[in-house]
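Results of the structural survey
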Amino acid sequence: MILNDELLSIQRGDQGEAMQKVLNTLIMYGEAFGAERMVKITGEMGHAVIGTGSLTWKPVFDLMEKLIDGGALPKQSFTTDPRGIEDHVPTTLAQKAVFKLIFSNQKRMEKEWERMGIKDKNAYTCTAYMNEVGNIPKKGDILGWAESSAVSYANSVIGARCNRNSGILELMSNILGYVPEFGLLTDEGRKADWIIEVKCSSLPEPQLLGSAIGFKCVEDVPYIKGLDKWLGTELDQKVKDYLKDMGAASASNGSVGLYHVENITPEAVELGEKLIKPEARVFVVDDAEIERVQASYPIVWEDLNARPDIAFAGCPHFSKRQLAEWTDRLTEALERNNNQKVTVPTIFCAAPDVRAEFEKDHPDKAQKLKEIGVTVSGLCPLSYTSNPLTDKSNIITCSNKLRYYSRARFYSEKELVEILTGGEL
Amino acid sequence: MSRTFKGRAVVPGKVDAEAIVTHAGFNTLANLKTAGSFMNPKGVLKDHNNPEIYGKLIPGKALCLPETIGSTTGGMVLYCASCMKVGPACMLFPHKADTLAVAGAVLTANWSDYPIVLVDDLGEEFLEYVKEGQMIHVSEDGTVVVED
């Protein structure tokens, strides 16, 4: 790999052993993919995937300490993934005790992040690109982010350039201020290997469409046709929310780091079918395929007829618009089903800054959620299931990401609303 | 009897280990998120979406796989598993390995006492040929010998 003078100096050890080792790690990583040079990160803020002080991640926190002690600190401020639990989320005493144990590195981790220059105490979310949080890259920015759903969003909806970096490497990239140039950072790497033709009778739910795409494309780039029929061509908040949820499902059920949506996402608008590789294959998603995908999910509850213990929505974290929309959906369905409160304790997940703005802008809706038994939390539901006691509980969700990583049972959004409000499926 | 495959040593090393094989993507977080802790001290694979390897042990094994999938914690989780001595001895891919798998192996090579060797580009036939339980011998130059 060809290094510039700044990086050659780091390689000689002029900025200390820790920086030298960080550079060598990134060189080894880049060379595995044929990278010939490092390119400067141009995004204003980084985003990391480490937000939970998990017991099993102690080696990560030891490594972070080594970097701090060695003077290897990020060049820019950053946000990171959500915390694992919050005090106001309902838990039993036993669950609380286990949470304390399994997240015993939380304080240590947060202290280390402070020393490394995290944006602020509210910077713990998987959707830092929301306006209320403010980590919003520009089109064409080079990023060194991790968090599969955030990388997918930044690449696809914003048009920034970021590989699917791993935890720790994203931190090292931001310490160095450079990333190796390959894959999704290059024009060629951003071309589509698949054409996805959406031929459903109505707009498919994003988490199901994303799952179908993730299963089929795995780590390839899809070019999706047909969604503008329902979504239109304006990239407003409603469309961004749809793409956020679709992308998260394709990134977790597969490894999709970038997708283009015809007439909607910035590169597809700019370049159209020039983005499609000549040898791209075609995959049709119709109603039958969506049904087949949902029916394929394993249900790992011991008692299939058991009553759900808790429900989660907002994985990835809800936008302010989604919090308002889901409040209305539940309110309307409760009235229709003659109920006052949700039938299952329910957690809506959103960034702390988004939650605060929601409470400020929609105090009536925030109050309504409390009245009907819904808690709004900044936690990560995946981390919530790291606790063996909470993981054993019967969780229901409309998040395909949460379904994949836990014993949670998946229901479509429509089904979940009916279950929560006492309706019939 | 044995069969030899030649690949690219991304993280070179010498390994003799028993094969564990998945033909579907290996979701690192789903499999190993609690590995090495009191919740999963032995390193049992926990991805219920992948019945081919669910419930099997990973420590010290030669993991033969098409790619890793899912969360970008992937490389970091491999690094933690390695530090806690519940990681695979090596990862062997028929094609070019993905970013998260390479990140994990590179992190272990530079920052852990227990590096995970990674060899890719072994050819389509590798994953068709190798079976669970076969002994695998990996050389520094990326040569992989599968014993029948």
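Remember, predicted model here, so these are calculated numbers, not experimental data.

**Things to note about the overall build of chain B**
Of the regular secondary structure elements, chain B holds four helices and ten strands. Tracing chain B from N to C terminus, the helices and strands come up as β-β-β-β-α-β-β-α-β-α-β-α-β-β. Relative to the compact-globule value of 15 Å for 148 residues, chain B shows a C-alpha radius of gyration of 14 Å, a close match. Going through the 148 residues of chain B one by one, you find that 62% of them count as buried.

**Regarding the interface of chain A and chain B**
Many analyses report the size of an interface as the accessible area lost when the parts associate. Taken together, the contact pairs 49 residues of chain A with 41 residues of chain B. Across the interface of chain A and chain B, roughly 3700 Å² is buried in total on both sides, 68% from carbon and sulfur atoms. Run the count over chain A and chain B and you get zero salt bridges. Our count for the contact surface shared by chain A and chain B stands at 20 residue pairs in polar contact (both at pLDDT 80 or more). If you list the elements that add at least two residues to the side of chain A that touches chain B, you get α2 (17–31), α3 (58–69), α4 (93–102), α7 (169–176), α10 (237–253) and α18 (400–405) of chain A. Looking at which element gives the most residues to the side of chain A that touches chain B, the answer is α2(A), with seven residues. Its residues placed into classes, the side of chain A that touches chain B shows 29 nonpolar, 13 polar and seven charged.

**Comments concerning the sheet that holds strand β8 (residues 117–120) of chain B**
Residues and elements named next belong to chain B. Here we have eight strands laid out as an open sheet, ordered β1-β10-β9-β3-β5-β7-β8-β2, and mixed in their pairing. Looking at strand neighbours, the two that pair on one side only are β1 (2–6) and β2 (8–11), the edges of this open sheet. Going across the sheet, the axis of each strand differs from the next one's by a mean of 25 degrees, ignoring polarity. As paired strands, strand β9 (residues 135–138) and strand β10 (residues 143–147) are joined by three bridges and run antiparallel to one another. Looking at β10, one finds that I136 is bridged to V146. In the packing of helix α3 (residues 99–111) onto the sheet, contacts are made with β2, β7 (90–92) and β8, and the angle to β2 comes to roughly 60 degrees.

**Some thoughts on the environment of P308(A)**
Residues and elements named next belong to chain A. With respect to the helices, strands and loops of the structure, P308 is situated in the loop between α12 (287–295) and β9 (310–318). Residues P308 and V344 lie 36 residues apart in sequence; the distance between their C-alpha atoms is 6.7 Å. Dropping the residues within four chain positions of it, P308 is found in contact with W301, V344, N394 and I396.

**Concerning the packing of aromatic side chains**
Residue and element names in this part refer to chain A. Under the criterion given, the structure shown has 16 aromatic pairs over all chains. Measuring from ring centre to ring centre gives 5.8 Å for W326 and F348, while their planes differ by 75 degrees; the resulting arrangement is edge-to-face. You can see W326 sitting in helix α13 (residues 320–336) and its partner F348 sitting in strand β10 (residues 346–350), a full 22 residues away along the chain. As far as the burial class goes, W326 and F348 line up, both buried. Ring centres 5.7 Å apart and planes at 65 degrees place the aromatic pair Y404 and Y405 in the edge-to-face group. You can call Y405 buried: its relative accessible area is 4%.

**Describing the domain arrangement of chain A**
All names here are of chain A. Each domain of chain A was delimited in the assignment, giving domain 1 (5–185), domain 2 (189–296) and domain 3 (310–420). For domain 1 versus domain 2, the separation of C-alpha centres amounts to 27 Å. With 20 residues of domain 1 at the contact, the number on the domain 2 side is 21 residues. Around 1600 Å² of area is buried between domain 1 and domain 2 when both sides are counted, 57% of it from carbon and sulfur atoms. Residue K139 is joined to E270 by a salt bridge in which the shortest nitrogen-to-oxygen separation is 2.7 Å. Taken together, domain 1 and domain 2 are joined by seven residue pairs in polar contact (both at pLDDT 80 or more).

**Describing helix α1 (residues 5–12) of chain A**
Residues and elements named next belong to chain A. For α1, every residue scored as buried is listed here: L7, S9 and I10. Within α1, the buried residues cover an arc of 155 degrees as seen down the axis, which keeps them to one side. More than 90 degrees from the buried face of α1, the exposed residues found are D5 and R12. On the buried face of α1, the contacting elements are α2, β1 (38–40), α7 and β4 (178–180). Regarding α1, its N-cap is N4, as a side-chain oxygen of that residue lies 3.2 Å from the backbone nitrogen of E6 further along. Backbone geometry just downstream of α1 places G13 in the positive-phi region, at approximately 100 degrees.

**Description of the environment of I264(A)**
All names here are of chain A. Looking at the element boundaries, I264 is found in the loop between β7 (260–261) and α11 (266–271). C-alpha of I264 to C-alpha of L231: the two residues are 33 residues apart in sequence and 8.5 Å apart in space. In this structure I264 touches L227, D228, L231, G232, T233, L235, V239, L243 and V269, once residues within four positions along its chain are discounted.

**Brief notes about the nonpolar core**
If you look at the biggest cluster of nonpolar residues, it comprises 93 residues, and the most contacted ones within it are W113(A) and L118(B). Of the residues that make up this core, three or more belong to each of domain 1 (5–185) and domain 3 (310–420) of chain A. Sequence-distant contacts of L118(B), defined by excluding residues within four places in its chain, comprise R8(B), A9(B), V10(B), V11(B), M91(B), F93(B), A97(B), A101(B), V102(B) and A105(B). Residues L209(A), Y259(A), V261(A) and V344(A) belong to the second largest nonpolar core, which totals 70 residues.

**Some thoughts on the packing of α3(A) against helix α5 (residues 106–116) of chain A**
All names here are of chain A. Running from N to C, α3 and α5 point in directions that differ by 30 degrees, and their axes come no closer than 10 Å. If you check the angle between α3 and α5, you find them roughly parallel. As α3 runs across α5, the sense of the crossing is left-handed. Between α3 and α5, the contacting residues are K58, F61, D62, M64, E65, L67, I68 and D69 on the first element and R108, M109, E112, W113, R115 and M116 on the second.

**Re the side chain of T80(A)**
All names here are of chain A. Along the chain, the position of T80 falls in strand β3 (residues 78–80). According to the relative accessible area criterion, T80 is buried, its value standing at 0%. Among the polar contacts listed, one links the side chain of T80 to the backbone oxygen of I50, at a separation of 2.7 Å. The contacts of T80, once residues within four sequence positions are left out, are H47, A48, V49, I50, G51, W113, I118, A123, Y124 and T125.

Analysis parameters
Residues numbered from 1 in each chain as written. Chains lettered and ligands numbered in written order. Predicted model: local features only at pLDDT ≥ 70, side-chain atom pairs only at ≥ 80, totals over all residues. Heavy atoms only, no water. Helix = DSSP H or I, 4+ residues; strand = E, 2+ residues; numbered from the N terminus. Rg over C-alpha atoms; globule rule 2.2 N^0.38 Å. Buried < 20%, exposed > 50% of the residue type's maximum accessible area, 1.4 Å probe, protein only. Contact = heavy atoms within 4.5 Å. Buried area = accessible area lost by both parts, 1.4 Å probe. Salt bridge = Lys/Arg side-chain N within 4 Å of Asp/Glu carboxyl O. Polar contact = N/O pair within 3.5 Å; in protein donor to acceptor, adjacent residues only side chain to side chain. Nonpolar A, V, L, I, M, F, W, Y, C, P; charged D, E, K, R; others polar. Pairing = 2+ DSSP bridges. Axes fitted to C-alpha atoms, helices over the stretch in contact; angles between N-to-C directions. Phe/Tyr/Trp six-rings, centres within 6.5 Å; stacked < 30°, edge-to-face > 60°. Domains from an automatic or database assignment. Arc of directions from axis to C-beta. Core = buried A, V, L, I, M, F, W, Y, C linked by side-chain atoms within 4.5 Å. Parallel < 35°, antiparallel > 145°, perpendicular 65-115°, else oblique. Left-handed = near helix turned anticlockwise from the far one by under 90°.

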